[in-house]
Structure formats: C-alpha cells, structure tokens
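# Structure assessment
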Amino acid sequence: MKLTGAKILMEVLKDEGVDTIFGFPGGAVIDIYDELARTDIRHVLVRHEQGAVHAADGYARAGSRVGVCLVTSGPGATNTVTGIASAYLDSIPIVVFTGQVPTQLIGNDAFQEVDIVGITRPCTKHNFLVQRTEDLGRVVKEAFFIARSGRPGPVLVDLPKNVMNTATDFKMPGEVSLRSYNPTYNPNAKQLKRVVDLIIEADRPMIFAGGGVILSKGSKELTEFARKIQAPVTTSLMGLGAFPGSDPLWLGMIGMHGTYQANLCTGQCDLMVSIGVRFDDRVTGKTDTFASQAKIVHIDIDPTSIRKNVPVTIPVVGDCKSALEHLNTLLDETDLGNLKKKRKPWLDQIVEWKSTTPLDYKQDDQTIKPQYVVEKLFEVSKGEAIITTEVGQNQMWAAQYYHFEKPNHFITSGGLGCMGFGLPAAIGAQAACPDRLVVDIAGDGSLQMNIQEMTTAVQHGLPVKVVLLNNGYLGMVRQWQELFYDRRYSSTCLDCAPDFVKLAEAYGAVGLRAERPEDVVPVLKEGLFSPHMVIMDFRVTKEESVYPMVPAGAPITEMLLV
Amino acid sequence: MKEEKHVLSLLVDNEPGVLSRIAGLFSGRGYNIESLCVAETMEAGVSRVTIVTKANEPLVEQIKKQLNKLVNVIKVHELTGNAFVNREMLLIKVFAKPEHRAEILRIVDIFRCKVVDVGKEHYTIEVTGDEGKMAAILSLLKPIGIKEIARTGAIALFREPK
Ligand SMILES: Cc1ncc(C[n+]2csc(CCOP(=O)(O)OP(=O)(O)O)c2C)c(N)n1
Ligand SMILES: [Mg+2]
C-alpha cells in the first residue's frame with residue numbers, strides 16, 4: 001500500500017512508542033499536523049519552539065524515554081537551536097523534526113528556508129535531511145536509535161514538504177544497524193581488574209559520579225559499589241540523585257558551588273573513581289591542581305570524554321551501569337580486608353569537614369532567605385518532587401538544599417546553563433509523570449524567558465508548580481559583580497518587573513505570594529497541593545549570595561565561604 | 001608538548017554533509033588542518049579522507065576520538081608512526097623565457113616530472129611525490145620565477161608487508 005510521507009512518519013512514531021509530541025505548527029509541516037490529528041499521539045502545543053525542545057528534554061529525563069518535538073521550517077527551526085544545544089551538552093535523547101521547503105526550492109532562499117541541518121550540525125549528536133520519501137522510514141528509525149544509544153543526545157530530522165506529501169510503498173524498517181556507529185557498551189575486563197587493584201591499594205579513595213550514571217540507569221549499582229568499597233561519593237550537578245542524599249557516604253555536590261567537604265576531598269584523595277562525568281571546568285576549577293595527589297579512574301561510554309581535560313591513570317570505555325555491575329562482581333570475589341577500619345581516618349576527616357563547615361545561611365525574622373524556601377520545599381514535598389530549575393542562584397540553591405534521593409528527579413540545564421529552561425522542562429516532566437509533583441525552582445530573570453509556556457501548562461492540564469525565588473536581580477551575575485567588580489551592578493537589577501501573582505492569574509493559573517519568613521510554609525502547603533498550575537512568588541533577600549564559591553579558574557579547593 | 005605532523009586516513013560514508021561535519025569539527029574545536037583530500041574508494045558509498053594535522057600527542061588522540069565519534073565516519077587510521085606511502089601532486093606554472101627553457105627542462109628531467117602545458121611564456125609542470133620533493137623542486141624553480149601553483153595535499157596508504 002502506498003503511504004504519504006506524513007503517514008509514514010506517524011507509523012514509525014507509533015512503532016517507536018511515541019505517545020507525546022511537543023510542537024508548534026506552520027506551513028511546512030501542515031501535512032504532518034493533518035496526519036497527527038488522526039492519531040492517538042498527544043500533541044502539546046507550546047507557545048514558543050524553544051519551549052517545545054526544553055519540554056521534550058524534561059519529558060525525556062523524567063520519563064527515561066526519547067522526547068520528541070515537531071516544528072515548522074525557518075523561524076520554527078531556528079527557535080529550537082537553544083533547546084537543542086542544551087540537550088546536546090547534557091546528553092539528553094530527543095528527536096526534533098523540522099519542516100523544510102520542498103526539495104526543489106532548497107538553496108534558493110525560499111520563503112522560510114534555513115539550512116537547519118547546517119546550523120545544528122555542531123550541537124546535535126547527528127542530523128539528517130530527508131531527500132526522498134523512500135528514505136523516510138529508515139531515517140526516522142535511525143534518528144531514534146542514535147538519540148537513545150551510546151552517549152545519548154539530540155538528533156534533528158529535516159523534512160522537506162514534498163517528501164511528506166508524496167506517497168510511496170512502505171514497509172516498517174527492521175532493526176537499525178549502522179556500520180559507522182557502534183558504541184562500546186562492554187567495558188574491558190582487564191581494565192576493571194586494574195581498577196579493583198587500585199581500590200585495594202587506596203587509603204583515601206573517593207567516587208565522583210555524573211549524569212552518565214543516571215543516563216545508564218546505574219544508580220543502584222553505584223550505591224552498592226560505594227558501600228562495598230566504603231568510599232565517599234560526590235556528584236556533578238548533572239549527577240545529583242545518582243547517589244542517595246541521605247547516605248552517610250554522601251559528600252554533596254562538587255564544583256564551583258560544591259560543598260566544602262566534596263571539594264576538599266578532591267585535593268586530599270589518593271584515588272578518584274570517576275564515572276559518567278566529563279570534568280567540566282565548573283567542576284575542576286584550575287585543572288593542573290585538580291585531584292593532584294590522586295590516581296584517576298575514568299569510566300565513560302564516550303571515549304572523547306576521557307583524557308580530554310584531565311590526565312587519567314585507568315581509562316575504561318563502556319556503559320556506566322555495566323562497568324559498575326562488573327566491578328561489584330569482581331569486588332565480591334576479592335578479599336578487601338577490614339575496610340571499615342582502614343577507611344576510618346579518612347571518613348573521620350570528612351565528618352570533621354562536614355561539621356565545621358556545613359552549607360550555611362541565617363534565616364532572621366525579617367526577610368525570607370532563598371535557601372530557607374528550598375529547605376522548606378524539601379520538607380513539605382517530603383523530598384519526593386521532581387525538581388526542574390532555571391539558571392543562576394536559584395539553580396545552585398536547588399542543588400544544595402534539596403537533598404535528592406533518587407535519579408531522574410533533578411532536571412536542570414547543566415552544560416549550557418540556559419535561562420528559561422525550567423518552566424518548559426517542568427511541563428515536559430509533568431507530561432511524562434502525570435501523577436507526580438513537579439516543581440520549577442525559578443529565578444525572576446529566567447522565568448521571564450519562557451513565561452509564555454504558562455499557557456501551555458494551563459491548556460494541557462499540566463499543573464506544574466513554580467517556586468519563584470524572587471530577588472529582583474539577575475542574582476548570579478549580581479553576585480559576581482559584588483565579589484569581583486566592586487559591586488558595580490551593571491544591568492543586573494530587575495526592579496521593573498511584572499506582578500507575578502497577577503500574571504499567573506491572567507494566564508488562568510494560581511498566584512500566591514510570601515513576603516515574610518512565616519508565610520513560606522503556608523504558601524508552600526497551599527501551592528504544592530493545588531490541582532492547578534501555581535506560581536509561588538517568594539520575595540527573598542535581594543543580595544544573598546551562593547556559598548561556597550570557587551572563583552572561575554582558581555583551584556577547586558580554594559573556596560570563598562559564607 | 002611537541003606539536004608534530006600527523007597523517008590521518010578516514011573511511012567515511014559518502015553522503016552530503018560529511019565533509020562539512022569533519023571540517024566543522026576541526027574549526028569548532030580549534031584543531032589545525034594542513035591539508036585535506038577526499039575522493040571515492042572502490043567500495044560504493046564509501047569515501048577516503050586524508051587529513052594532515054599538526055598536534056601534540058594527547059591532542060591527536062583526542063582528534064582521532066572525536067572523528068570516530070562522528071556518525072558518518074566508519075574508520076580512522078593514523079598513518080604516522082607506521083610504514084606508509086605518502087604522495088601529493090603539485091602543478092607549477094613557471095615563467096619560461098627562452099634563456100631559461102633548457103634549465104627548466106633539465107630540472108624536470110632530474111625530478112622525473114612532466115611538462116603538461118606549454119604556453120607562449122610559461123610551462124606548467126606536474127610533480128608527484130612527497131613533501132620533501134615538492135619543497136626541493138619549488139626552491140629550484142623559484143629563482144627562475146613561479147607564476148602560480150596548485151597543490152592537492154597529501155594522500156596516503158599503509159605499506160603492505162614485503
Ligand atoms: C539565556 C541566558 N542568558 C544569560 C545568561 C547569563 N546568566 C546566568 S545566571 C543569570 C541570572 C539569572 O537571574 P535569575 O533568573 O533572576 O536567577 P537568580 O540568579 O537571581 O536566582 C544570567 C543573566 C544565561 N545563563 N542564560
Ligand atoms: Mg533573580
């Protein structure tokens with residue numbers, strides 16, 4: 001039977017198990033939208049294409065699935081670029097379908113023509129321009145395969161209009177195999193043996209885990225591994241939740257705003273087992289002094305991450321989860337001696353660091369401290385919310401004060417640090433997990449970058465909650481200006497701002513406000529359990545800063561403290 | 001660490017955009033390209049790309065890994081450090097005034113290259129060989145006067161066991 005390209009696309013999407021698409025229509029994709037309306041696939045109509053991509057990102061992370069977007073050619077396509085770049089840097093599996101002008105017009109500067117494949121080449125894992133309807137099924141299959149396998153990432157598929165409305169014979173393509181693309185899943189057993197030897201030798205080991213552990217679904221194995229070898233664990237921002245925040249071995253986050261004990265450990269440890277990380281400069285600070293006493297083991301599925309930024313003693317290329325499983329089995333077969341005793345001085349030292357210099361702030365009875373809001377949010381939500389964040393101080397306080405127990409509960413734009421991420425990502429997460437509490441911890445600057453998505457949430461009955469830490473500033477930039485530019489607050493004051501409560505109401509959502517410390521818990525209790533979308537506007541101390549802080553480029557052990 | 005020349009030989013899917021992925025990788029990450037040659041191989045759908053780059057040891061490792069990561073790249077070989085044959089082609093247009101013609105032809109003879117076009121005042125000479133040979137003939141012809149040159153960049157293959 002002959003099917004049009006648009007119909008073929010629907011067939012393959014169904015075959016891939018796609019149940020939700022985030023998108024926005026236009027002329028180049030009108031045939032696809034016509035077919036889409038005849039399927040059971042839910043279409044979440046966003047109000048800006050950037051929102052569609054962040055929503056697909058949130059959907060992918062909260063639901064451990066591939067997120068899908070559909071947008072039109074030209075401006076629809078260019079509006080996706082920021083979202084794609086964010087997903088690329090965080091290795092999130094999404095497939096973005098863009099409309100394109102008919103093949104015979106490509107290259108003619110046709111109306112709403114852009115070379116989106118060219119534009120997104122450096123920020124996608126891979127991308128395709130489909131030239132013939134006959135290729136469509138295979139290409140879409142390959143796009144999903146590439147997005148989710150190996151180190152995941154965004155894949156863009158550009159769909160010329162004539163390819164979509166031409167009919168051809170269609171048979172569902174079988175399993176995808178690409179001879180030029182073969183991620184290494186199974187780690188080398190010899191290397192893992194060497195890792196175990198190093199663990200036995202080490203006096204002061206630590207584990208540094210990242211988003212790769214969450215992507216490979218290896219949190220359980222990581223926890224088992226850490227307990228077996230009695231090593232303290234830190235994670236990158238992207239790794240939060242990979243290890244339970246309540247475990248005594250938990251150090252807190254590493255990096256520029258990492259905890260005192262996590263950052264000091266990097267300077268003192270003699271072995272760092274790093275898993276699913278990429279040694280971003282926000283983690284390492286000055287690289288020549290990073291973990292300078294340690295042998296470094298680096299386990300990652302992407303060989304380019306290994307030895308890119310720091311020298312490594314033992315590289316292990318492979319899937320984090322399988323590597324951890326292998327290591328756990330090897331450790332079970334090995335006599336580790338009395339580890340508890342051997343580790344005692346090291347773990348005691350860490351306990352001391354934790355108790356002398358914990359994360360700290362002082363809540364007085366006048367103005368609300370942003371950290372206090374996050375702490376109370378953690379309590380009122382019993383630590384079970386799926387948290388998305390915007391970017392800036394709000395993001396760091398979320399990371400520091402919401403103690404993540406489980407993976408896939410912290411959704412943030414880590415690599416790109418993209419303001420405007422949190423609200424649409426929350427909408428995507430809520431679409432993936434309709435029965436869960438989904439909260440966007442927001443800043444007043446960032447929230448305004450994709451505020452239009454409130455309509456999306458209201459229209460589609462996705463009752464996300466926004467906890468707005470409203471400090472009247474582009475707070476993180478203000479903090480840098482305070483610390484490194486003699487408090488010259490150039491263009492960071494947001495004293496002209498909308499009334500977020502009225503704004504919420506105007507969008508058909510609920511708006512609540514807290515101005516005094518005693519309002520915080522009641523507002524949270526009312527807002528979090530509402531069946532509607534809610535903005536909770538917490539008027540917090542204007543000039544609060546995030547500590548600890550390591551100035552950019554300084555050694556990670558040299559922290560500015562409160 | 002010392003920067004050295006490395007010859008990389010890639011097999012890639014012969015698809016639109018592949019060259020731009022490779023070139024974009026080099027420019028986006030600030031890697032150096034000395035030369036780059038692409039052409040089809042005997043196998044349908046597969047092209048060979050030969051890249052000469054200058055990098056220190058850890059960087060060339062990273063370059064190879066990054067190239068391998070591109071979905072359309074089938075295989076990456078480094079030839080440097082192994083036995084390989086390496087050739088490029090050079091076309092040289094020299095000013096050939098009557099009083100210089102004999103000397104030019106003598107040089108052509110010594111280097112075993114060919115005159116492929118003869119104009120009123122110019123000869124165009126075709127040279128193939130490795131980089132050293134190119135440099136040598138250029139230095140000999142320079143005093144006579146070179147109008148322009150075109151060079152292919154290196155292509156290379158592993159040597160087989162004798
Ligand atoms: C799209 C984008 N533009 C600019 C920045 C630079 N930037 C980083 S944090 C920040 C301030 C964010 O302000 P706000 O959302 O109010 O958060 P706060 O730091 O006050 O919590 C800015 C401007 C960015 N990360 N993303
Ligand atoms: Mg702010």
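None of the values given here were measured: they were computed from a predicted structure.

Quick notes on the rules
- Residues numbered from 1 in each chain as written.
- Chains lettered and ligands numbered in written order.
- Predicted model: local features only at pLDDT ≥ 70, side-chain atom pairs only at ≥ 80, totals over all residues.
- Heavy atoms only, no water.
- Domains from an automatic or database assignment.
- Contact = heavy atoms within 4.5 Å.
- Buried area = accessible area lost by both parts, 1.4 Å probe.
- Salt bridge = Lys/Arg side-chain N within 4 Å of Asp/Glu carboxyl O.
- Polar contact = N/O pair within 3.5 Å; in protein donor to acceptor, adjacent residues only side chain to side chain.
- Phe/Tyr/Trp six-rings, centres within 6.5 Å; stacked < 30°, edge-to-face > 60°.
- Helix = DSSP H or I, 4+ residues; strand = E, 2+ residues; numbered from the N terminus.
- Buried < 20%, exposed > 50% of the residue type's maximum accessible area, 1.4 Å probe, protein only.
- Lys NZ or Arg CZ within 6 Å of the ring centre and 35° of its normal.
- Nonpolar A, V, L, I, M, F, W, Y, C, P; charged D, E, K, R; others polar.

### Topic: the domain arrangement of chain A
Residues and elements named next belong to chain A. Along its sequence, chain A is carved into domain 1 (2–169), domain 2 (189–356) and domain 3 (370–539). For domain 1 versus domain 2, the distance between C-alpha centres works out to 38 Å. With nine residues of domain 1 in contact, the opposing surface of domain 2 contributes seven residues. In total, about 640 Å² of surface goes out of reach between domain 1 and domain 2, with carbon and sulfur atoms giving 62% of it. In this assembly, domain 1 and domain 2 are joined by one salt bridge. The salt bridge involving Asp 302 is made with Arg 151; its shortest N-O contact spans 2.7 Å. The tally of links from domain 1 across to domain 2 stands at two residue pairs in polar contact (both at pLDDT 80 or more).

### Examining the packing of aromatic side chains
Residue and element names in this part refer to chain A. As enumerated under the stated definition, the model contains 13 aromatic pairs over all chains in all. A centroid spacing of 5.9 Å and a plane angle of 85 degrees characterise the contact between Phe 145 and Tyr 181, whose relative ring orientation is edge-to-face. One end of the pair, Phe 145, is in helix α7 (residues 133–148); the other, Tyr 181, is in the loop between β8 (167–169) and α9 (189–201), with 36 residues separating them in the sequence. Judged by relative accessible area, Phe 145 falls into the partly exposed class, the value being 24%. Summarising the aromatic geometry, the rings of Phe 279 and Phe 290 are spaced 5.9 Å apart at their centres and angled 75 degrees between planes, so their arrangement reads as edge-to-face. Pair noted here: Phe 279 is in the loop between β12 (271–275) and α13 (281–284) and Phe 290 is in the loop between α13 and β13 (295–300), with a separation of 11 residues, a long-range link. No difference in accessibility class separates Phe 279 from Phe 290, as the two residues are buried. Taken together, the aromatic side chains of Phe 378, Tyr 402, Phe 404 and Phe 410 make up a single cluster linked through ring pairs. Geometry around Tyr 473 places Arg 478 over its ring, the cationic atom sitting 5.7 Å from the centre.

### As for the domain arrangement of chain B
Residue and element names in this part refer to chain B. Each assigned domain of chain B is listed here: domain 1 (4–78) and domain 2 (86–158). Look at where the C-alpha atoms of domain 1 and domain 2 centre, and you get two points 29 Å apart. Between domain 1 and domain 2, the residue contacts involve 11 residues of the former and eight residues of the latter. Interface area lost by domain 1 to domain 2 is led by Lys 5, Cys 37 and Thr 50, which between them contribute 47%. Applying the counting criterion to the domain 1 and domain 2 interface returns one salt bridge. Between Lys 5 and Glu 131 there is a salt bridge, with the nearest N and O atoms lying 2.7 Å from each other. Viewed at the interface, domain 2 and domain 1 are joined by two residue pairs in polar contact (both at pLDDT 80 or more). For the side of domain 1 that touches domain 2, the per-class residue count stands at four nonpolar, four polar and three charged.

### Some remarks on the interface of chain B and chain A
Listed by partner, the interface residues are 17 residues for chain B and 17 residues for chain A. Between chain B and chain A the total buried area reaches about 1400 Å² when both faces are included, carbon and sulfur atoms providing 46% of it. Three residues stand out in chain B for area buried against chain A, namely Arg 21, Lys 65 and Val 71 of chain B, and they jointly supply 46% of the buried area on that side. The tally of links between chain B and chain A comes to two salt bridges. Of the charged contacts in the structure, one is a salt bridge between Lys 69 of chain B and Asp 302 of chain A, with a shortest N-O distance of 2.7 Å. At the boundary of chain B and chain A, one finds 10 residue pairs in polar contact (both at pLDDT 80 or more). Those elements that place two or more of their residues in the side of chain B that touches chain A are α1 (18–28), α2 (57–69) and β4 (73–78) of chain B. The greatest single-element share of the side of chain B that touches chain A, amounting to four residues, is contributed by α2 of chain B. Its residues assigned to classes, the side of chain B that touches chain A shows six nonpolar, five polar and six charged.

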